[in-house]
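Coordinates in review
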Amino acid sequence: MKRIFVGLCVLMTLLLAGCSQTVAPLPPVETAKIGTMIGTLSESLAPEKYPEAEINRFNNYVDESAALMAGKIDYAIMDYATARNFVKSNEGTMVLPEALTDEVTAMALKKENTELNQKLNAVLNRYLSDGTMEEIKAHWFPEAGGDYEIVDVPKNVSGPVLRVAVTSLTEPRCFVQDGELTGMNVELLSRIAYELGMQVEFQDMDFKAMIDSLQSGNSDVVAAMYNTPERSEKVDFTAGYFPNPQVFVVKADRQAATEGAQSSQKTISSSSDLNKAGYTIGVPEGTPPEEVAKELMPNADISYFTQFMDGVAALKSGKVTAVIYDSSGVDRILLSNPDLVKLDEELGNIEIAAVVRLDDTAMNEQLNAFIKQYQADGTAAAMVKRWINNTGGEMPDIPKPQNPEKKITIITNGLTEPMNYYENGQLTGFDVEFMKRFASYANLDYEIITMDYQAMIPALQSGKGDVIISDFFKTDERGQEVLYTDAYVVLHNSALIRKDMAAASMVDQSIKTNEELNGKRVGFITGMVHIDNFRPLYQADEYEFNDFSSMLEALKSKKIDALLTSQSKVAEIIEQNPDLIALPPYADISSSIGVSKTNTQLGDALDATVKTMIDDGSLKAMTEKWMGENEDQKVLTPVDLTGEKGTLIAGVLGDDYPYSYYKDNELVGLEVDLARSLAARMGMNVEIKPMDFSAIIPSITSGKIDLAFYLAYTPERAASIRFLTPLKSDQAVAIVRNQAVAASTGGQQWAGMIASLGESFNKTFVVEDRYQLILEGLSTTIVISLLSLLFGSLLGALICAMRRSRVGLISGLAVVYIRLIQGVPIVLTLMILYYIIFASVDIHPVLIAVVGFSINFAAYSAEIFRTAIDATDKGQLEAAYALGFTRVASFFKVTLPQALRHILPIFKGEFISMVKMTSVVGYIAIQDLTKMTDIIRSRTFEAFFPLVVTAAIYFVITYLFILLLGKIEVQIDPKRRKRVVKGVVEIDAEVVEVQK
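Residues numbered from 1 in each chain as written. Predicted model: local features only at pLDDT ≥ 70, side-chain atom pairs only at ≥ 80, totals over all residues. Heavy atoms only, no water.

As recorded by an unreviewed UniProt entry, the protein chain carries the name ABC transporter permease subunit and is attributed to Acetobacterium wieringae. UniProt, in its Subcellular location (unreviewed entry) section for the protein chain, records the words "Cell membrane". (UniProt positions renumbered as here; feature names shortened; annotations may be inferred.)

This part takes up the packing of aromatic side chains. A complete count under the given rule lists 22 aromatic pairs for this structure. Taken together, the aromatic side chains of F370, Y374, F430, F434, F438, Y441 and Y488 make up a single cluster linked through ring pairs. Taking NZ or CZ as reference, K400 lies 4.5 Å from the ring centre of Y446, over its face. Note that K704 overlies the ring of Y834, its terminal NZ or CZ placed 4.6 Å from the centroid. (Phe/Tyr/Trp six-rings, centres within 6.5 Å; stacked < 30°, edge-to-face > 60°. Lys NZ or Arg CZ within 6 Å of the ring centre and 35° of its normal.)

Turning to a nonpolar patch on the surface, a few remarks are in order. On the surface, a nonpolar cluster with roughly 430 Å² of combined accessible area is contributed by V783, L787, L790, F791 and L794. Position of L787 relative to the elements: it lies in helix α28 (residues 771–803). (Patch = residues over 30% accessible without salt bridge, like charges linked within 9 Å, V, L, I, M, F, W, Y side chains within 5 Å. Areas by Shrake-Rupley, 256 points an atom, 1.4 Å probe, with all protein chains shown as cover. Salt bridge = Lys/Arg side-chain N within 4 Å of Asp/Glu carboxyl O. Helix = DSSP H or I, 4+ residues; strand = E, 2+ residues; numbered from the N terminus.)

In this model helix α14 (residues 361–376) runs 23 Å from its N-terminal to its C-terminal C-alpha over 16 residues, within 8% of the 22 Å that 1.5 Å per residue would give. Packed against the buried residues of α14 are β19 (349–356), α15 (379–389), β20 (406–412), α16 (430–442), β25 (467–468) and β26 (483–498). Backbone geometry just after α14 places G378 at a positive phi near 90°. (Expected span 1.5 Å × (residues − 1). Contact = heavy atoms within 4.5 Å.)

Residues given the UniProt feature "transmembrane region" (unreviewed entry) here are residues 782–802, 814–837, 843–862 and 944–966. This span, residues 843–862, is 90% helix and 0% strand, and a straight line between its end C-alpha atoms measures 27 Å.

This part is about the pattern of salt bridges. Per the stated rule, a full pass over the model turns up 29 salt bridges. The salt bridge involving R254 is made with D74; its shortest N-O contact spans 2.9 Å. With a gap of 180 residues between them, R254 in helix α10 (residues 252–261) and D74 in the loop between α3 (61–69) and β3 (75–79) connect regions that are remote in the sequence. Each member of the pair R254 and D74 is classed as buried. (Buried < 20%, exposed > 50% of the residue type's maximum accessible area, 1.4 Å probe, protein only.)

The following block contains the structure:
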């Protein structure tokens, strides 16, 4: 035990040391360790730009990425597409905003293959001009959190074959999914080959082999390669089709440490701070934002863009310092780009007007008359509120005229939210509503065409359109070419900068209102009602959790910006976590009791009883008791549970204060109290089964429980279970970090470390005698483990005997059993047993767990037994037979003693693995050691200490099992156990005098 205690002390010391470990800032890139990929542009770029740096070369991006994650290199150079995908798949990494190059990916061909080059260029140029390339890019570079859109491209079954060299380690450009190559480059080349009447064959190879493959004639084209002077001497290139600069990828925590050390450099808080040499301001050419930049920031350089999103991309990649645009577009960009921030000041107004040809004065007068009317009758103000002041505006129903005087063509862009953009495949937004209302006013039919801004005025002047309604800024220069209407909406200029360039005063991330949750990362628990009420009101990135403790820890560690919960939980959460605050409630929570659809008699009786409790006020009184702040009143209502009409089985979470939780080692809460009251009124007894939320609905449908409380209604659930009379019980709120408190206490972390550990120990073990929950969960874990060891070993011996049988059928059945069990995760085995096989059997979940783990353990132990037995020398068996031993005697006297020496070392490891795997039994409503830890975490709102304690307990019990099995292993191994020679007496080693 002394060694165990010392080991635990060392373990705790290491854990605490690890928790306090400081993350090292990134070194200057000029002297850092930089990773590059062999054969790519980065291999030559890195030593050229950073001759003093240590360059590490890798065969592929996978090896380079692994080196970055392991800390072997400080910076990894990747093309932007690969970097973006890597960061998406590896939490804790980021792309630095400054691009290293301004490269565009092209296709490479053999020098003399000019005919194919011309054909490829013709298709590529058309794709670039007609929007096809943008469409393809959108399939593989979706908005944050979106999935790839894999398009089924038609294929030619005959014709010449286009052999395309690719590398499958560059997701999303080319990668393997479901055993097949896919990605942007695969879709692009497949489309091109189809148009050229060719079949396509993709050749997956290392990047460094591609040029050799072209020159040798094994490949016809390389799908993606940068055009460099060195490469152009060996191969030809098509036109560039995909901007893909080289960028640095780093670990986010190291970059954060670097930024913390350099925080004094974050100085931008107003437009005057942008007026510096070396800064670059992005603006649309010939617009009010350009005038603002020239007037207020004369010392800065100006960079022009056509589409607002191009300016945003330049800002995020570090090509410009700030972007100036109209406030409506800037506000929408902020919703999905938390790394950007808007300067507070308004930089002058922007008048948005419609545009017609210089000679079309009649159309201009008609538009102006409509604008005057729609501003006077309040329509304009309503549209501003619907589309600009709020998010997610809905297009009103504005039908086209029945007998229009004529048809006009309206030109717009379709890429400028909230003015004009696509949603669910349909054009919508402020401009689109304006178009429809004008057409209705003027009795005109219309068609809408979309195009880039630079093409709009030429298209208007050439007669391809009659009017431009597309967030068009009024400028004097354009007024010489076209005719402007009066402004139909007035916005103001705003400046957008990266958050890493903003002064500290600009980056206060405290969320003070529910509206500020738009665009933020919001956490919720699977299946709870909070997210259903949240979605219609706000647009946020959603993060799903299985339990509240994990969600709370994600909020405190800044992995999410807010969590959704119930108003009734707020007081205890804030009391335990003063660095958090609750926002005002955003919705009333309305939920129901869920019951089985098949047991209509019980469902009707429950529904009638619930209605009675609502009518007589008892349900309201009970709810107010448990939702209130007086803890002394929160006791279960005394009831008479006769059990005359059976037992009512209710499923609860057990870690969901104040609905169901453990207090003084007793399961209490609103749901428990309500279940008891319902059962008493119906003449029944009651049984409460704690379980994970994911098990609630399967347990209802399989008959394991009769009902569950406060379930949110969804059509999918309604197809499986019956919802009773709705219960209105609470309000939904969002909890966020209190930045002011966090900042004021940041320097006290070390001072309170010991006190914090003592408080955590007290809350985890002492308060309400919670150590008894740990002991109860530990006993369940040990019982399941030991019984599964016993029955699994016996069943494994039987399966081993069947496996070694000379009867093919018996041996085959054993093989099928072993392969089947080994191929199914133990969680699925448990759930199949609990919810399907034993669904209609009243059996304790612990017994089902023993059955499941015994079955699983038997499959592995049978193979261990068989291998050990087969390793025994067959000659010894023949000798035993020759001496007259029977087969049974030979097995127990010769084979088994030797086999055990081979069995136990592997058997011991397999058993320890099974002990740790028992942590998943919570899926079938068993409160083992891990589940009890979750229950304690739900009451203390801590994650670190209970988890470390649980880990230590698992370590102790597995270590003790290892010691016990080790002793047995020594006893059965004659080479390792002590030998005692019988009949030999030790003589006292004293000197004996010899008498002569």
